[in-house]
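An overview of the molecular structure
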Amino acid sequence: MNYVIALFLGGFFGFSLNKAGLTKYNKIVNQFRFTDMAVLKFMMTALVVAMIGLYSLRGLGLVKFPAVPNTYIVGNLVGGLIFGIGMALTGY
Amino acid sequence: MNWIIKQIHKETWSPYAAGILLGIVGILAVVLSNTLLGASGAFENIAGLIGKAIAPQAFDNTYFKFVMPPGITWGVILLVGVFFGGMIGAATSGTLKWGKKDAVNSDFQWKSIFGPQTWKRWVLGFVGAIILEYAAGIAGGCTSGLAISGGMLLVPAAFLFIAGMFASGIVTALVIYRDRY
């Protein structure tokens, strides 16, 4: 059952990425050139919607948050720095 | 109803509309199966599964035992869904180029920077993906798994990651594009 949910949600995930145009190389790289802000608009909208939804649901006692990604400052930063190179190269 | 069908057939949505859809998917992932969305981890799960079969000694370490246990996880199935979801998205907007010439490399901007050869795109995609996956391993997630999923739970790691990603992404784009930046 969990797998059915995963497949279903994955489908919508991929669909939204495609419709936002983030499956294209030029959208990603143009974000880093600041000629096309679609990536940030997309990411931040998703963040804000999910934040509001999740925190209100938790406030109502309807959900419990899963284990969150660990914070280790150097690792996250260095990882992010290397990730950016790959992202600008491939347009992932 | 006609309006909905028209929207589905549109090639590019407003990023805000698509972002709202992803936000809802993110909420549902937590509500329905108490997990966070993520893409890069699934590749490591699969890699671990293959590695265990080929060279069990080399993969017998803490990372693959505890951090990224191999197996067909929720994330792997999610990735299958992402693949087909993206394909449906392309099909509905009529941009799905299945087996057509130039299907691999149809990006005009890419060609103007790196040249028209398809093999170059394969090589660069492969090398870039190694960098991406390695970095995601260090940071503990990728754009979806750490930046978006972590960000929506207000995890500090996500914002550090986004800062790093943009800092080096801008520099890399600057180096590649030089005076065309």
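Residues numbered from 1 in each chain as written. Chains lettered and ligands numbered in written order. Predicted model: local features only at pLDDT ≥ 70, side-chain atom pairs only at ≥ 80, totals over all residues. Heavy atoms only, no water.

A count of helical and extended segments in chain B gives nine helices and zero strands. N-terminal to C-terminal, the α/β element order of chain B is α-α-α-α-α-α-α-α-α. In terms of overall dimensions, chain B has C-alpha extents of about 50 × 45 × 35 Å along its principal axes. Burial statistics for chain B: of 181 residues in total, 45% are counted as buried. Long-range pairs, those at least 24 residues apart, make up 44% of the contacts in chain B with a sequence separation of at least 6. Working note: accessible area of chain B is about 9600 Å², and carbon and sulfur atoms make up 72% of it. Across chain B, the mean location of the 12 positive side-chain charges is 7 Å away from that of the 7 negative side-chain charges. (Helix = DSSP H or I, 4+ residues; strand = E, 2+ residues; numbered from the N terminus. Buried < 20%, exposed > 50% of the residue type's maximum accessible area, 1.4 Å probe, protein only. Contact = heavy atoms within 4.5 Å. Areas by Shrake-Rupley, 256 points an atom, 1.4 Å probe, with all protein chains shown as cover. Lys, Arg positive; Asp, Glu negative; His and termini not counted. Charge placed at Lys NZ, Arg CZ, Asp CG, Glu CD.)

When helices and strands are tallied, chain A shows four helices and zero strands. Ordered by position in the sequence, the α and β elements of chain A form the string α-α-α-α. Viewed in the frame of its principal axes, chain A has a C-alpha envelope of about 45 × 35 × 25 Å. Considering chain A as a whole, with its 92 residues, one finds that 53% of them fall into the buried category. Long-range pairs, those at least 24 residues apart, make up 38% of the contacts in chain A with a sequence separation of at least 6. Accessible area of chain A: about 4100 Å², with a carbon and sulfur share of 72%.

Looking now at the side chain of S144(B). Mapping S144(B) onto the fold places it in helix 8 (residues 143–151). At 3.4 Å, the side chain of S144(B) forms a polar contact with the backbone nitrogen of A39(B). The contacts of S144(B), once residues within four sequence positions are left out, are F13(A), L37(B), G38(B), A39(B) and S149(B). (Polar contact = N/O pair within 3.5 Å; in protein donor to acceptor, adjacent residues only side chain to side chain.)

The next point concerns the nonpolar core. Judged by nonpolar contacts, the single largest core of 57 residues is most densely connected at F83(A) and M152(B). The dominant element in this core, judged by the number of residues it contributes, is helix 3 (residues 38–59) of chain A, at eight residues. (Core = buried A, V, L, I, M, F, W, Y, C linked by side-chain atoms within 4.5 Å.)

Let us look at helix 3 of chain A. Side chains three or four residues apart in an α-helix point the same way, a direct result of the helix having 3.6 residues per turn. Spanning 22 residues, helix 3 of chain A covers 31 Å between terminal C-alpha atoms, matching the ideal 32 Å at 1.5 Å per step. Buried within helix 3 of chain A are the following residues: A38(A), V39(A), F42(A), M43(A), T45(A), A46(A), L47(A), A50(A), M51(A), G53(A) and L54(A). Lining the buried residues of helix 3 of chain A we find helix 1 (2–20) and helix 2 (25–33) of chain A together with helix 2 (15–33), helix 8 and helix 9 (156–177) of chain B. Positioned one or two residues after helix 3 of chain A, G61(A) has a phi angle of 75 degrees, which is positive. (Expected span 1.5 Å × (residues − 1).)

Okay, the layout of surface pockets next. All names here are of chain B. Volume-wise, the second largest pocket comes out at about 840 Å³. Listed by contribution, the elements that provide at least two residues to the lining of the second largest pocket are helix 3 (40–54), helix 4 (62–67), helix 5 (74–92), helix 7 (118–139) and helix 8. The element contributing the most residues to the lining of the second largest pocket is helix 3, with five residues. Per-class residue counts for the lining of the second largest pocket are 18 nonpolar, 13 polar and one charged. (1 Å grid on protein atoms, 1.4 Å probe; cavity = no way out; pocket = protein on both sides within 12 Å on 5 of 7 lines; lining within 4 Å. Points joined across faces, edges and corners; volume = space filled by probe spheres on them. Nonpolar A, V, L, I, M, F, W, Y, C, P; charged D, E, K, R; others polar.)

Taken residue by residue, the interface counts 91 residues in chain B and 69 residues in chain A. A combined buried area of about 7100 Å² lies between chain B and chain A, and 77% of that area is made up of carbon and sulfur atoms. When the buried area of chain B at its contact with chain A is split by residue, L132(B), L153(B) and F166(B) rank highest and sum to 8% of it. Counting across the chain B and chain A interface gives zero salt bridges. If you look at where chain B meets chain A, you find 18 residue pairs in polar contact (both at pLDDT 80 or more). Contributing elements (two or more residues each) for the side of chain B that touches chain A: helix 1 (2–9), helix 2, helix 5, helix 6 (108–114), helix 7, helix 8 and helix 9 of chain B. Of the residues assigned to the side of chain B that touches chain A, the class counts are 59 nonpolar, 27 polar and five charged. (Buried area = accessible area lost by both parts, 1.4 Å probe. Salt bridge = Lys/Arg side-chain N within 4 Å of Asp/Glu carboxyl O.)

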